[in-house]
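Coordinates in review
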Amino acid sequence: MRAFFLLALFLPATAFAAPPRVRLLSVADGTARIRVGDGSAETRISSLVHSLHSAGITSFIFEANSDILLTKLRSRWLDTGIRNVTILPPAPPSAANYPKLDPIEAGVALKQIDREITSEAKIFSRSREDLINFVSENGFPENDDSVTPENLISKKERAEAQLRQFMSSTPDDQLKLSTGIDLPGNPVAKHLASYQEALKKSRQLKASGFGSKHPDRVAAIEVTEATHQMALDELGSVEEGMRVKIYQLEKRIEHLPIWRRLSETERESMTQAFQKKRAAYEASLHRILGMKAARKAAERSLEAVE
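Residues numbered from 1 in each chain as written. Predicted model: local features only at pLDDT ≥ 70, side-chain atom pairs only at ≥ 80, totals over all residues. Heavy atoms only, no water.

1. Notes on the packing of helix α2 (residues 42–54) against helix α8 (residues 215–233)
Describing two packed helices takes the angle between their axes plus the distance from one axis to the other. Between α2 and α8, the shortest axis-to-axis distance is 9 Å and the interhelical angle comes to 20 degrees. By the angle between their axes, α2 is roughly parallel relative to α8. Crossing angle aside, the handedness with which α2 passes α8 is right-handed. Residue-level contacts link Thr43, Arg44, Ser47, Leu48, Ser51 and Leu52 of α2 to Pro215, Asp216, Val218, Ala219, Glu222 and Val223 of α8. Each residue belonging to the contact of α2 with α8 can be placed in one class, and the counts come to 6 nonpolar, 3 polar and 3 charged. (Axes fitted to C-alpha atoms, helices over the stretch in contact; angles between N-to-C directions. Helix = DSSP H or I, 4+ residues; strand = E, 2+ residues; numbered from the N terminus. Parallel < 35°, antiparallel > 145°, perpendicular 65-115°, else oblique. Left-handed = near helix turned anticlockwise from the far one by under 90°. Contact = heavy atoms within 4.5 Å. Nonpolar A, V, L, I, M, F, W, Y, C, P; charged D, E, K, R; others polar.)

2. Overview of the nonpolar core
Ranked by size, the top nonpolar core spans 24 residues in total, and within it Ile34, Ile45, Leu52, Phe60, Phe62 and Trp77 carry the most contacts. Among the elements of the structure, β1 (22–28), β2 (31–36), α2, β3 (59–64), α3 (68–79), β4 (84–88) and α8 are those that each provide at least two residues to this core. Among the elements that line this core, the one with the most residues is α2, at 4 residues. Not counting chain neighbours up to four residues away, the residues in contact with Ile45 comprise Val22, Val36, Ser40, Phe62, Leu69, Leu70, Leu73 and Trp77. Listed in part, the 19 residues of the second largest apolar core include Leu152, Leu183, Tyr195 and Leu199. (Core = buried A, V, L, I, M, F, W, Y, C linked by side-chain atoms within 4.5 Å. Buried < 20%, exposed > 50% of the residue type's maximum accessible area, 1.4 Å probe, protein only.)

3. Quick notes on the environment of Ile288
Within the fold, Ile288 resides in helix α10 (residues 264–305). In this structure Ile288 comes out as buried when scored by relative accessible area, which is 6%. Once the C-alpha coordinates of Ile288 and Ile123 are considered, the two residues, 165 residues apart in sequence, prove to be 9.5 Å apart. With residues near it in sequence (within four places) discarded, Ile288 still touches Ile117, Glu120, Ala121 and Phe124.

4. Examining helix α7 (residues 187–207)
The end-to-end C-alpha distance of α7 is 30 Å, a good match for the 30 Å that 21 residues give at a rise of 1.5 Å each. Turning to α7, its buried residues number three or more, namely Pro187, Val188, His191, Leu192, Ser194, Tyr195, Ala198, Leu199, Ser202 and Leu205. All buried residues of α7 fall inside an arc of 165 degrees around its axis, so they share one side. Opposite the buried face of α7, at more than 90 degrees from it, the exposed residues are Lys200, Arg203 and Ala207. (Expected span 1.5 Å × (residues − 1). Arc of directions from axis to C-beta.)

5. Let's talk about the side chain of Lys156
As for its placement among the helices and strands, Lys156 is situated in helix α5 (residues 149–167). Residue classification places Lys156 among the buried positions, given a relative accessible area of 18%. Here Lys156 is in contact with Leu249, Glu250 and Ile253, once residues within four sequence places are set aside.

6. Looking at the environment of Pro187
As for its placement among the helices and strands, Pro187 is situated in helix α7. Setting aside residues no more than four positions away along its own chain, Pro187 makes contact with Glu234 and Ser237.

7. Quick look at the side chain of Ser169
Mapped onto the elements of the fold, Ser169 is located in the loop between α5 and α6 (171–178). Within the structure, the side chain of Ser169 is placed 2.6 Å from the backbone oxygen of Gln165, a separation counted as a polar contact. Leave out the neighbours within four places in its chain, and Ser169 touches Gln174 and Leu177. (Polar contact = N/O pair within 3.5 Å; in protein donor to acceptor, adjacent residues only side chain to side chain.)

8. Quick notes on the pattern of salt bridges
Counted under the stated rule, the structure contains 12 salt bridges. In this structure, Arg128 and Glu240 form a salt bridge, with 3.1 Å as the shortest nitrogen-oxygen distance. Of this pair, Arg128 sits in helix α4 (residues 103–138) while Glu240 sits in helix α9 (residues 235–261), and the two are 112 residues apart along the sequence. Under the relative-accessibility criterion, Arg128 is labelled partly exposed at 31%. (Salt bridge = Lys/Arg side-chain N within 4 Å of Asp/Glu carboxyl O.)

9. Structural notes on the packing of α5 against α6
With their axes 9 Å apart at the nearest point, α5 and α6 run at an angle of 155 degrees to one another. Between α5 and α6, the angle falls in the class roughly antiparallel. The segment α5 lies against α6, with Gln165, Phe166 and Met167 engaging Gln174, Leu177 and Ser178. Residue composition of the contact of α5 with α6, grouped by class: 3 nonpolar, 3 polar and no charged.

10. Observations concerning the packing of aromatic side chains
Each aromatic ring pair is specified by the distance between its two centres and by the angle formed by the two planes. For the structure on display, the rule yields 5 aromatic pairs. For the pair Phe60 and Phe62, a centre-to-centre distance of 6.3 Å together with 15 degrees between the ring planes defines the contact as stacked. Take Phe60: its relative accessible area is 1%, and that puts it in the buried class. Centroid distance Phe140 to Phe274: 4.8 Å. Interplanar angle 70 degrees. Geometry classified as edge-to-face. With a gap of 134 residues between them, Phe140 in the loop between α4 and α5 and Phe274 in helix α10 connect regions that are remote in the sequence. The same class applies to Phe140 and to Phe274, which are both buried. What links up through ring pairs into an aromatic cluster is the set Phe60, Phe62 and Trp77. (Phe/Tyr/Trp six-rings, centres within 6.5 Å; stacked < 30°, edge-to-face > 60°.)

Interpretation note: all reported values are geometric properties and have no functional meaning in isolation.
Take a look at the structure:
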């Protein structure tokens, strides 16, 4: 399991001409792992942490020989909303979290991820079926009396048109389309915003005369690559979200008259039951999409070794 999470986004670090340096080892499950060399610049560390935090990373693990500078910075970072900062001595090359995996180790990690995907797929299938059955039988909670069948039909037609356009587009075009799709907590839109910010910063540094090996340029490039890959890995969740949205609208149209006749107590009970089933479905969806993204990353790491 440890190898699985660390492989969720494998990012070989971009090297400088010589130490000191700061190296992004991996980004997985909301946590970034960074190696800090002796004498690394405070601005370089802070720039990388700020960029990753803007991209949605809330926990950081640092590998460093000395924790004096990082301990000073930790209190500042925690005040900005970062949940956790852990400082560890550098891991030896033989450790499971070392970024360069040999072919045998990478192959074992892939098999482990496949087992996890198979297991989670069964849970996901059950939770999805449970939610679909509930909505099929009872509809979608309707507590806003201003909603009309005409409103819902119009929303459904727009969502269907968006899905058709999305499915007929290339991955790069899907990224662009995703920013205009109305989904709760749209992950692609969040990652693309961070990607554009990092790309803009990289270009500004280049225009100001900073070379490609300057720490700030390297940090911006690393974040650009990481956030772009995060956005690509989330395209599956956007498609799934759109299909669920269309299905929900169909059932809302069908069951709206029934919900209008329910008492307030009945509405509340039905709404709570729906929310419980939806929470189970969304949790499993998040896990399985993360596992699939991890498998892609593990494959990339194996290719890099070969």
